[in-house]
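# Coordinate analysis (summary)
One letter stands for each residue in the lines below.
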Amino acid sequence: MAYAIEKEYGLYIGNRFVAPSSNARLESLSPLTGEVLCVVPDANAADVDAAVSAARAAWPKWFDAGPRKRQALLMKCADRLAAEAERFAWLETSDTGKPWRESLANVHTAADRIRYYAGACRALEGNTLPVGGTILSLDFREPLGVIGILGAWNFPLNMFAGKIAPALAVGNAVVYKPAEPTPITTLEFARLMGEILPPGVVNVVTGNGETAGAAIVAHPGIRKISITGAVETGRRVMAAAAATGKQITLELGGKNAQIVCEDADLDRAAQGILLGAFMNQGQVCTSGSRILAHKKVAQALGEKIVALIPKLKIGDPFAKDTTMGTLCYREHMDRVLDYIAIGRREGATVLAGGGRLAVKPFPNGLYLQPTLFGDVTADMRIAREEIFGPVATLHTWDDEDAMLAESNGLDYGLAAGIWTRDFGRAHRLARAVEAGRVWINCYNLFPSGAAFGGSKGSGFGREDAFETMLAFTQVKNVVADIAAEQRRFYE
Ligand code: NAD
């Protein structure tokens, strides 16, 4: 079943689509056919200002409504999203090229994230301090006000829901900018939330990072920036946010190791590595693409992965059993192809894949073969740089300390996977790897409530968890003296 996509969207401000202040537009192209799916405003500073004004007017009342009311309304948003899961999954697949079954799972994860925060905000408490005597010290958690949020293109709906929900749950209003290639589900979900939430609580401006995004980061009415994106972008945004003293959360890229020990269940590891490296066509910040396999099992593991790759169903992403779709946009696919060429030039061996694919019914779709490189050494660019596509590298080791040095030797520190049957070793390695998220005998599981985020160059701040919500609040401390009479200090 196909659903409608608007040919032209406006900016979503104050619960309605409004015309931008200029004629500048961006096109969202289909990764399946190359056709224009829709055009959206390329917002400028005046448009951002209008969105911030709506958000500033909205948040005090939204906060005053109290957690019970906010919970009820956010739950309604989640229920409406889940009720329309098939439509949202179809829109997501149209805009990103990801397989329908992943899009559908993403919609339900998005609804779950909102429900988590809707419930969690009821548990927010302040502290009292036992000062003694007649002095009271009371902490109140208050929202920051207006939050500016910049999303990446790989999980557009999930990211939108997961990033705005903790901010909204504690009484902030948001101005959100989706990434340039994939604005559709963000705009459609904002429209749906606008039927439930007060005007101005959720605002969406579309546009280029260097202009619309930069205007959000610079706006003096915004108190905090939360960005998911590439490392270089995060650093640029952090420097710009400093000019107006904004707080910041950085969810950035990764180059994540999957450590396979000699005692691992290799069938299980091969399945997990397939998911880790090729889910969402490898366009995942946690992509477990750096496979560090013990020398005794590396060849057998490589053979198992190569044997599993043909079982991936690459094809029409709308078909319910397709497990791999297209890359998201042409320039990005070209970048991934460049990395495959670099790997060949560096002397790595292509064990599987290595090029484009023409697949029915979208012969011009941006399909790439799932690719595995062998004979990889730690100094190669394909072993060090984030490729963000369906490309994995197989490395070997026989000394655990040297393996850990390789695993931790990059400036990234987002995620890692550990495959072993030895419980103690699994936990020792989990403590030793420099990563914000470690999976043991599984990969790419993201339960709501489990703190997610990077260390080192991969960023700081945590998402998906209770503490995410706290990071969108500030403590106001009130000290009161309940003595019957005023103390006399100067007599
Ligand atoms: P990107 O860095 O190009 O853009 C991210 C967002 O920032 C976009 O909305 C963009 O428009 C905006 N932006 C770009 N330049 C800006 C500027 N100067 N000022 C303000 N805003 C600006 O990233 P992308 O290509 O959309 O996403 C891919 C990257 O995101 C990868 O590196 C991936 O690993 C990372 N990512 C990280 C996580 C995580 O949770 N850690 C999740 C998904 C993706």
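Everything quoted here is computed from the prediction, not taken from an experiment. (Residues numbered from 1 in each chain as written. Predicted model: local features only at pLDDT ≥ 70, side-chain atom pairs only at ≥ 80, totals over all residues. Heavy atoms only, no water.)

Take the site of the ligand next. Neighbouring the ligand are 29 residues, the closest being G151, W153, T233, L252 and E386. In this structure, a nitrogen atom belonging to the ligand sits 3.2 Å away from a side-chain N or O atom of E251. With respect to the ligand, the backbone of L252 contributes an N or O atom lying 2.7 Å from a nitrogen atom. For the ligand, whose unbound accessible area comes to 850 Å², protein coverage reaches 90%. Among the elements that take part in the shell around the ligand, helix 7 (residues 209-218) stands out by supplying four residues, more than any other. (Near = heavy atom within 4 Å. Polar contact = N/O pair within 3.5 Å; in protein donor to acceptor, adjacent residues only side chain to side chain. Areas by Shrake-Rupley, 256 points an atom, 1.4 Å probe, with all protein chains shown as cover. Helix = DSSP H or I, 4+ residues; strand = E, 2+ residues; numbered from the N terminus.)

Moving on, we get to the sheet that holds strand 22 (residues 473-481). Taken together, three strands build an open sheet; the order of strands is 5-6-22 and the sheet is antiparallel. Of all the strands in the sheet, just strand 5 (128-129) and strand 22 have a single pairing partner and so form its edges. In this structure, strand 5 lies alongside strand 6 (residues 135-143), joined through two bridges in antiparallel fashion. Its bridge partner being in strand 6, T128 is matched across the sheet by L138. (Pairing = 2+ DSSP bridges.)

Moving on, we come to the nonpolar core. Of all hydrophobic cores here, the largest spans 60 residues; its most connected members are F160, I164, L168, F189, L197 and V202. Top contributing element to this core by residue count: helix 5 (residues 156-169), with nine residues. (Core = buried A, V, L, I, M, F, W, Y, C linked by side-chain atoms within 4.5 Å. Buried < 20%, exposed > 50% of the residue type's maximum accessible area, 1.4 Å probe, protein only.)

Turning our attention to the sheet that holds strand 20 (residues 437-440). Across the sheet, seven strands lie side by side as 14-17-18-13-12-19-20; this open sheet has mixed pairing. The open sheet terminates on both sides in strands that have one partner only, identified here as strand 14 (349-352) and strand 20. Averaged over all adjacent pairs, the angle separating strand axes in this sheet is 25 degrees, with direction ignored. Across five bridges, strand 13 (residues 290-294) lies against strand 18 (residues 391-397) in parallel orientation. (Axes fitted to C-alpha atoms, helices over the stretch in contact; angles between N-to-C directions.)

Relative to the helices and strands, A120 is located in helix 4 (residues 100-120). With a relative accessible area of 9%, A120 lands in the buried category. Measuring from C-alpha to C-alpha, the distance between A120 and N158 comes to 18 Å, with 38 residues separating the pair along the chain. Every residue in contact with A120, bar those within four places of it in the chain, is listed here: F466 and M469. (Contact = heavy atoms within 4.5 Å.)

It is worth spelling out the packing of helix 1 (residues 45-64) against helix 2 (residues 66-83) at this point. At their nearest, the axes of helix 1 and helix 2 sit 7 Å apart, and the two run at 105 degrees to each other. Comparing their axes, helix 2 and helix 1 come out roughly perpendicular. The segment helix 1 lies against helix 2, with W62, F63 and D64 engaging G66, R70 and L73. Grouping the amino acids of the contact of helix 1 with helix 2 by side-chain chemistry returns three nonpolar, one polar and two charged. (Parallel < 35°, antiparallel > 145°, perpendicular 65-115°, else oblique. Nonpolar A, V, L, I, M, F, W, Y, C, P; charged D, E, K, R; others polar.)

Here we take up the pairing of strand 3 (residues 25-29). By the alternation rule, side chains of strand 3 split into L26 and S28, which are all buried, and R25, E27 and L29, of which none is buried. Count of turn residues in the strand 3/strand 4 (residues 36-41) antiparallel hairpin: six residues, of which G34 carries a positive phi of about 85 degrees.

Here the focus is the domain arrangement of the protein chain. Partitioning the protein chain into structural domains gives domain 1 (11-252 + 454-476) and domain 2 (257-440). With 28 residues of domain 1 at the contact, the number on the domain 2 side is 35 residues. Summing the contributions of domain 1 and of domain 2, the shared interface buries around 2,500 Å²; its carbon and sulfur component is 58%. On the domain 1 side of the interface with domain 2, the three residues burying the most area are L32, W153 and K456, jointly 26% of the side's total. Taken together, the links from domain 1 to domain 2 amount to two salt bridges. The residue K456 makes a salt bridge to E434 at a minimum N-O spacing of 2.6 Å. At the junction of domain 1 and domain 2, the tally comes to 15 residue pairs in polar contact (both at pLDDT 80 or more). (Domains from an automatic or database assignment. Buried area = accessible area lost by both parts, 1.4 Å probe. Salt bridge = Lys/Arg side-chain N within 4 Å of Asp/Glu carboxyl O.)

Quick look at the packing of helix 3 (residues 85-96) against helix 4 now. At a minimum axis distance of 8 Å, the contact between helix 3 and helix 4 shows a crossing angle of 125 degrees. One way to sum up the angle between helix 3 and helix 4 is to call them oblique. With respect to the hand of their crossing, helix 3 and helix 4 are arranged in right-handed fashion. Taking contact as the criterion, the partners of A85, E86, F88, A89, W90, E92 and T93 in helix 3 are, on helix 4, W100, S103, L104, V107 and H108. Split into classes, the residues belonging to the contact of helix 3 with helix 4 amount to seven nonpolar, three polar and two charged. (Left-handed = near helix turned anticlockwise from the far one by under 90°.)

Before going further, it helps to examine the pattern of salt bridges. According to the stated counting rule, one finds 22 salt bridges in the structure shown. For R191, the salt bridge is made with E6, and the minimal N-O distance between the two is 2.9 Å. Pair noted here: R191 is in helix 6 (residues 184-194) and E6 is in the segment before strand 1 (11-13), with a separation of 185 residues, a long-range link. The exposure class of R191 is partly exposed, given its relative accessible area of 25%. With a relative accessible area of 34%, E6 lands in the partly exposed category. The shortest N-O distance in the salt bridge between R80 and E84 comes to 3.5 Å. Overall, E84 belongs to the partly exposed group, its relative accessible area being 21%. One network of salt bridges, with partners in common, ties together E6, R80, E84, R87, E188, R191 and E195.

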